[in-house]
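Listed here are the chains, written in short residue letters.
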There are 2 protein chains.
Amino acid sequence: MPTTQLESFQMECANCPIRHRAVCARCESDELARLEEMKFYRSFQAGQTIAWTGDRMDFVASVVTGIATLTQTLEDGRTQMVGLLLPSDFMGRPGRERAAYDVTATTDVTMCCFRRKPFEEMMEKTPHVSQRLLEMTLDELDAAREWMLLLGRKTAREKIASLLSIIARRDASLKLAKTGGRLEFDLPLTREAMADYLGLTLETVSRQMSALKRDGVIELASKRHISVPDFDRLLDETGDDTDGGMLA
Amino acid sequence: MPTTQLESFQMECANCPIRHRAVCARCESDELARLEEMKFYRSFQAGQTIAWTGDRMDFVASVVTGIATLTQTLEDGRTQMVGLLLPSDFMGRPGRERAAYDVTATTDVTMCCFRRKPFEEMMEKTPHVSQRLLEMTLDELDAAREWMLLLGRKTAREKIASLLSIIARRDASLKLAKTGGRLEFDLPLTREAMADYLGLTLETVSRQMSALKRDGVIELASKRHISVPDFDRLLDETGDDTDGGMLA
DNA sequence: TTGCTTTCTTGATCCTGGTCAAAGCTGACC
DNA sequence: GGTCAGCTTTGACCAGGATCAAGAAAGCAA
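Residues numbered from 1 in each chain as written. Chains lettered and ligands numbered in written order. Predicted model: local features only at pLDDT ≥ 70, side-chain atom pairs only at ≥ 80, totals over all residues.

> How would you explain the nonpolar core if you had to name every residue and give the values?
Core analysis: the largest hydrophobic core is formed by 126 residues, its most contacted members being Met148 and Leu164 of chain A together with Met148 and Leu164 of chain B. If we ignore the near neighbours within four places in the chain, the residues touching leucine 164 of chain A are Ile218, Ile226 and Leu234 of chain A. (Core = buried A, V, L, I, M, F, W, Y, C linked by C-beta atoms within 7 Å. Buried ≥ 20, exposed ≤ 12 C-beta atoms within 10 Å, placed from the backbone. Contact = placed C-beta atoms within 7 Å.)

> Before we move on, could you go through the relation of the copies chain B and chain A and cite the residues and values that matter?
Take chain B, turn it by 180 degrees, move it 0.0 Å along the axis, and it overlays chain A with an RMSD of 0.0 Å. Here the transformation between the copies is reduced to the relation of a two-fold axis. When you check the interface residues of chain B against chain A, 100% turn up at the interface there too, and the contact is symmetric in its surfaces. (Least-squares fit on C-alpha atoms with pLDDT ≥ 70 in both.)

> Tell me about the sheet that holds strand β8 (residues 109-115) of chain A, and please be specific about residues and values.
Strand pairing in a sheet relies on backbone hydrogen bonds, with the paired strands running either antiparallel or parallel. All names here are of chain A. Strand order in this open sheet of 4 strands is β1-β8-β3-β6, and the pairing throughout is antiparallel. A single partner strand is all that each edge strand has here, and the edge strands are β1 (40-44) and β6 (90-91). Note that strand β3 (residues 59-65) and β8 share 6 bridges and pair antiparallel. Across the sheet, alanine 61 pairs through a bridge with cysteine 113, a residue of β8. Helix α4 (residues 116-125) contacts β3 and β8 of the sheet and is inclined by roughly 65 degrees relative to β8. (Pairing = 2+ DSSP bridges. Helix = DSSP H or I, 4+ residues; strand = E, 2+ residues; numbered from the N terminus. Axes fitted to C-alpha atoms, helices over the stretch in contact; angles between N-to-C directions.)

> Lay out the protein's contact with DNA strand D with the relevant residues and their values.
The immediate surroundings of DNA strand D are formed by 17 residues, with Thr190, Ser206 and Ser210 of chain A together with Thr155 and Thr204 of chain B found nearest. Those elements that place two or more of their residues in the surface near DNA strand D are α7 (191-198) and α8 (202-214) of chain A together with α8 (202-214) of chain B. Here the surface near DNA strand D gets 6 residues from one element, more than from any other, and that element is α8 of chain A. For the surface near DNA strand D, the residue count by class is 4 nonpolar, 6 polar and 7 charged. (Near = placed C-beta within 6 Å. Nonpolar A, V, L, I, M, F, W, Y, C, P; charged D, E, K, R; others polar.)

> Requested: an account of the domain arrangement of chain A, with residues and values cited.
Residue and element names in this part refer to chain A. One can read the domain layout of chain A as domain 1 (2-148) and domain 2 (155-246). Between domain 1 and domain 2, the contact holds 9 residues from the first and 7 residues from the second. Where the side of domain 1 that touches domain 2 is concerned, the elements lending two or more residues are β4 (68-73) and β5 (79-85). Class assignment for the residues of the side of domain 1 that touches domain 2 results in 3 nonpolar, 6 polar and no charged. (Domains from an automatic or database assignment.)

> Before we move on, could you go through the protein's contact with DNA strand C and cite the residues and values that matter?
Looking at DNA strand C, there are 17 residues lining it, with Thr155 and Thr204 of chain A together with Thr190, Ser206 and Ser210 of chain B nearest. For the surface near DNA strand C, the secondary structure elements donating two or more residues are α8 of chain A together with α7 (191-198) and α8 of chain B. Considering each element in turn, the surface near DNA strand C owes the most residues, 6 residues, to α8 of chain B. Split by residue class, the surface near DNA strand C holds 4 nonpolar, 6 polar and 7 charged.

> Tell me about the packing of helix α5 (residues 127-153) of chain A against helix α5 (residues 127-153) of chain B, residues and numbers included.
Their axes nearest at 9 Å, the elements α5 of chain A and α5 of chain B cross at an angle of 20 degrees. Looking at the two axes, α5 of chain A sits roughly parallel to α5 of chain B. Once α5 of chain A is placed against α5 of chain B, the crossing between them reads as left-handed. Looking at the contact of α5 of chain A with α5 of chain B residue by residue, the classes come out as 18 nonpolar, 8 polar and 4 charged. (Parallel < 35°, antiparallel > 145°, perpendicular 65-115°, else oblique. Left-handed = near helix turned anticlockwise from the far one by under 90°.)

> Let's hear about the sheet that holds strand β11 (residues 225-228) of chain B: which residues, and what values?
Residues and elements named next belong to chain B. Overall, antiparallel pairing links the 3 strands, which are arranged β9-β11-β10 in an open sheet. Strand pairing shows two members of the sheet lacking a second neighbour, β9 (183-186) and β10 (219-220), which therefore form its edges. The pairing of β10 with β11 spans 2 bridges and is antiparallel. In the strand pairing of β11, glutamate 219 is matched with serine 227.

> Tell me about α8 of chain A, and please be specific about residues and values.
Residues and elements named next belong to chain A. In this model α8 runs 18 Å from its N-terminal to its C-terminal C-alpha over 13 residues, within 8% of the 18 Å that 1.5 Å per residue would give. Listing the buried residues of α8 in full gives Val205, Gln208, Met209 and Leu212. Burial along α8 is one-sided: seen end-on, the buried residues are contained in an arc of 105 degrees. Projecting away from the buried face of α8 at angles above 90 degrees are the exposed residues Glu203, Ser210 and Arg214. (Expected span 1.5 Å × (residues − 1). Arc of directions from axis to C-beta.)

> Any details on the interface of chain B and chain A? Residues and values, ideally.
Residue-level contacts link 39 residues of chain B with 40 residues of chain A. Secondary-structure elements contributing two or more residues to the side of chain B that touches chain A are β5 (79-85) and α5 of chain B. Partitioned by chemical class, the residues of the side of chain B that touches chain A number 16 nonpolar, 12 polar and 11 charged.

> Account for the confidence of the model for chain A, with residues named and values stated.
Residue and element names in this part refer to chain A. Chain-level statistics for chain A give a pLDDT mean of 82 and a share of 79% at 70 or above. In this model residues 1-12 is a low-confidence stretch, pLDDT under 50, and it forms 11 contacts with partners more than four residues away in sequence or in other chains. Low confidence marks residues 244-248, where pLDDT is under 50. Its contacts with residues over four positions away, or in another chain, come to 6 contacts. Model confidence for the complex: the whole-complex pTM is 0.89, and ipTM, which rates the interface, is 0.89. (pLDDT = per-residue confidence, 0-100.)

> Describe the pairing of strand β8 (residues 109-115) of chain B, naming the residues involved and giving the relevant values.
Residues and elements named next belong to chain B. In terms of burial, β8 is a largely internal element, 5 of the 7 residues being buried. Pairing of strand β1 (residues 40-44) with β8 involves 5 bridges; the strand directions are antiparallel. Across the sheet, residue tyrosine 41 finds its bridge partner in β8, namely cysteine 112.

> Break down the pairing of strand β4 (residues 68-73) of chain B for me, with residues and values.
Residue and element names in this part refer to chain B. The pairing of β4 with β5 spans 6 bridges and is antiparallel. Bridge assignment links leucine 70 to a residue of β5, and that residue is glycine 83. Where β4 folds back on β5, the antiparallel hairpin that results is connected by 5 residues, among which glycine 77 adopts a positive phi of roughly 105 degrees. Here β4 pairs with strand β7 (residues 102-105) via 4 bridges, running antiparallel. Bridge pairing in β7 links alanine 68 to alanine 105.

Written as structure tokens, this is what we have:
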């Protein structure tokens, strides 16, 4: 009964992109069943390392709940975050045996996993999965390139504003679509993690957060709860082209 | 006659990844023939803009000769290079109508092009092409993330050393595989383009080039011709983990 | 040759963000 | 309650790279 499978799949793994973006819409139900059999869940606690650079990776996965980060490290220990995995994001690389980055859970994380080998075999047989993964990877590449612009050319204040607007947008995309108007959300990152993401020190992050608060761009109910009185005002601080919506 | 087609294809488009990495090895010859019919060439002069952000893109392409760059721009004109297209690199995004970046030829460039729509249709039918594109995109994503580490955490001197070693490696990969020993190559970028890539100003690039020369890490026959007496010495200056070769 | 343009180098000065240091908060555990 | 650890803020000072400004070098046309 494909219907039953679909329902349980949806319930258990509502955010899994493999389900709703790659499989259900376009593939036949026996492929869905195959995926369903392969799937298993893993949980990680906040702070726990999911994989170290160079570790053998026997599975690919998609984040169901929680937030994980990808980081790279220089010889002397300087670190740079290179990716943020939010619910529905995909992790792992078909065709690659070892992790290319350190993967760390910054909150408690649940992932929907598939063993790599059978997943790769399934990709061979069901072209829509690799087409969907291509789309997702291209999106990630775009995001990485936008981040390069941020790292290379933005000021500390612009970097903070950009990060806040990105988190706000992703966090609130379900709650309200409109820009403008008040917006509230929790910061899922420590000041240090923000610094690693932005290529700054945690002191600079803290100072710029205080500055944005002093200037009335944001309000801080607690250290991790942000309230944005005017979202457009925040966007003005990012340095981005504001009329860039037409590029899509 | 598939053989004849293959030969002409190789001759005219030796560096095209669509040919030797995605098609020939795994697909049937009628698909090769279909690709062959679709293909056409375009040339651009040094300095010419291939596409502006937001332009309609009716083709995808792969670089045959020359070098092109992808750049992004902030509201006030600050620019950051986000990609370097060398021979065999792929340009364009199946499924996307408009360019996401400014694409500029920095030297004279020849590209092997395919009209987007038929190319997309072919992707639907020949899964190996999208699988190969997925692999290539994942490689690009890795490169972008390595670049994020550079932009976020490296010093000016380390950035220059990294760029030189990357260009040297790609340029010389055919000539000599070994590290260590003397290495010569031409810089295909102006100081300004280097600065845009590294998130620096051109003055800083110039100063650091002079410093590396003064310290004997590189020699400058002319402003664009680099000679590296000891490649390992240059690698030491990049700040990267030197024993990172096992990650594959 | 001369003049003109583009690219590159070098110097002087400034300022953003890093570094070092101290102290304030907050929550957990006893 | 007290204590401790982790996270955050703030201050003082410093330095790496940006900015502003001249000029040098190289390429090119007349």
